[in-house]
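Structural description and commentary
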Amino acid sequence: LGALPEGEHRLVLSLDPRWSARGTGAVRVEAVSVEAVAADDPRHETLAHAPIVHTRKGSLDRFSDAPLVAWVETFPAADAGRELRYSIVFSHEDGGTPLDRLMATWGRATDIELVYAVEVDAAGGLRRAQYQGKDHVMTAFAGRREGRHPVLYVVTKNNMLSDRGPATPRVALAPVAFSLDGVSREAVMDAHPWTHEVSAAEVRRQGLVVDG
């Protein structure tokens, strides 16, 4: 939800049937959990810099290429600074690597992308910030922020981003801290096995899988 001032706040949740697939039965909210993370909490920094991502125009209308899980890795930087790297597991990619190559190379139908990297100094001050733009080029971020959250926009069919774009439906995923030491990026999916199910259902809906 971003930074909130001290005091009482009211959070309202509502279901929009336009974002629920037909024929899947009633959608229901089974539980809601809200947690405030104070500025002196070790998790605060990685949450504060997490990107807000506007989805590619029309993609969620087709329940396609949905951002599912975000994670963050922390690396040491010069003079006691830190680099935070944010990645997202998308349910698939409508362009880019074909499904057969995704499966043959990585054993998954999802698209996993580094979306944003930020370096801060020892006191938490911003040194530099980049996002992964078209053609997988890391580009200096010069867009709008909400607090410290950069606002990014998916602009290609293989989920590359820009710091400018249309006001489409957006997601603000709370990133999980995850170390990839000794493991592949797919370990993030294995830690959230429902991502495999969502992705498999998507590619079947799109007619990309033929039952043998």
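Above this text you will find the structure in question.
The sections below set out a description of the structure shown in this document. Only a predicted model underlies this, so the values are computations on that prediction, with no experimental measurement involved. For every chain, the first residue of the written sequence is number 1, and numbering continues from 1 onward in sequence order. Confidence filtering applies because this is a predicted model: local features only for residues at pLDDT of at least 70, side-chain atom pairs given and counted only at 80 or more, and all residues used for totals across whole chains, interfaces and linings. Side-chain metrics in this entry use all non-hydrogen atoms of the structure; hydrogen atoms and water are not considered.

1. Remarks on unusual backbone geometry
Glycine aside, the phi torsion of most residues is negative, and most peptide linkages are trans. Note the threshold: Put simply, DSSP H or I for four residues or longer makes a helix, DSSP E for two residues or longer makes a strand, and each gets a number counted from the N terminus. We call a residue buried when its accessible area falls under 20% of the maximum for its residue type, exposed when it is over 50%, and partly exposed in between, using a 1.4 Å probe and counting protein chains only.
With a phi close to 55°, Asp79 is a non-glycine residue in the positive phi region. Within the secondary structure layout, Asp79 lies in the loop between strand S2 (67-77) and strand S3 (81-90). On the accessibility criterion, Asp79 (68% relative accessible area) is exposed. Located in the positive-phi region is His136, a residue other than glycine, with phi close to 65°. Along the polypeptide, His136 turns up in the loop between strand S5 (126-133) and strand S6 (137-140). Since its relative accessible area comes to 44%, His136 is described here as partly exposed.

2. Some points on the packing of aromatic side chains
What counts, and what does not: What counts as a ring pair is set by centres within 6.5 Å for rings of Phe, Tyr and Trp (its six-membered ring), and what kind of pair is set by the plane angle: stacked under 30 degrees, edge-to-face over 60, tilted for all other angles. Throughout this description, the term charge over a ring refers to an Arg CZ or Lys NZ atom that lies within 6 Å of the ring centre and within 35 degrees of the ring normal.
Counted under the stated rule, the structure contains 2 aromatic pairs. Seen in terms of ring centroids, Tyr86 and Tyr116 are 6.1 Å apart; in terms of plane orientation they differ by 35°. Their pairing is tilted. Pair noted here: Tyr86 is in strand S3 and Tyr116 is in strand S4 (residues 111-120), with a separation of 30 residues, a long-range link. Owing to a relative accessible area of 2%, Tyr86 belongs among the buried residues under this scheme. Pairing Tyr116 with Phe141 gives two aromatic rings, centres 6.1 Å apart and planes at 80°, and the pair type is edge-to-face. Linking Tyr116 in strand S4 with Phe141 in the loop between S6 and strand S7 (145-146), this pair joins segments that are 25 residues apart in sequence. By the burial criterion, Tyr116 is buried, and Phe141 matches it. By the ring-pair criterion, three or more aromatic residues cluster together here, those being Tyr86, Tyr116 and Phe141. Its end group placed over the ring of Phe75, Arg85 keeps NZ or CZ at 4.0 Å from the ring centre.

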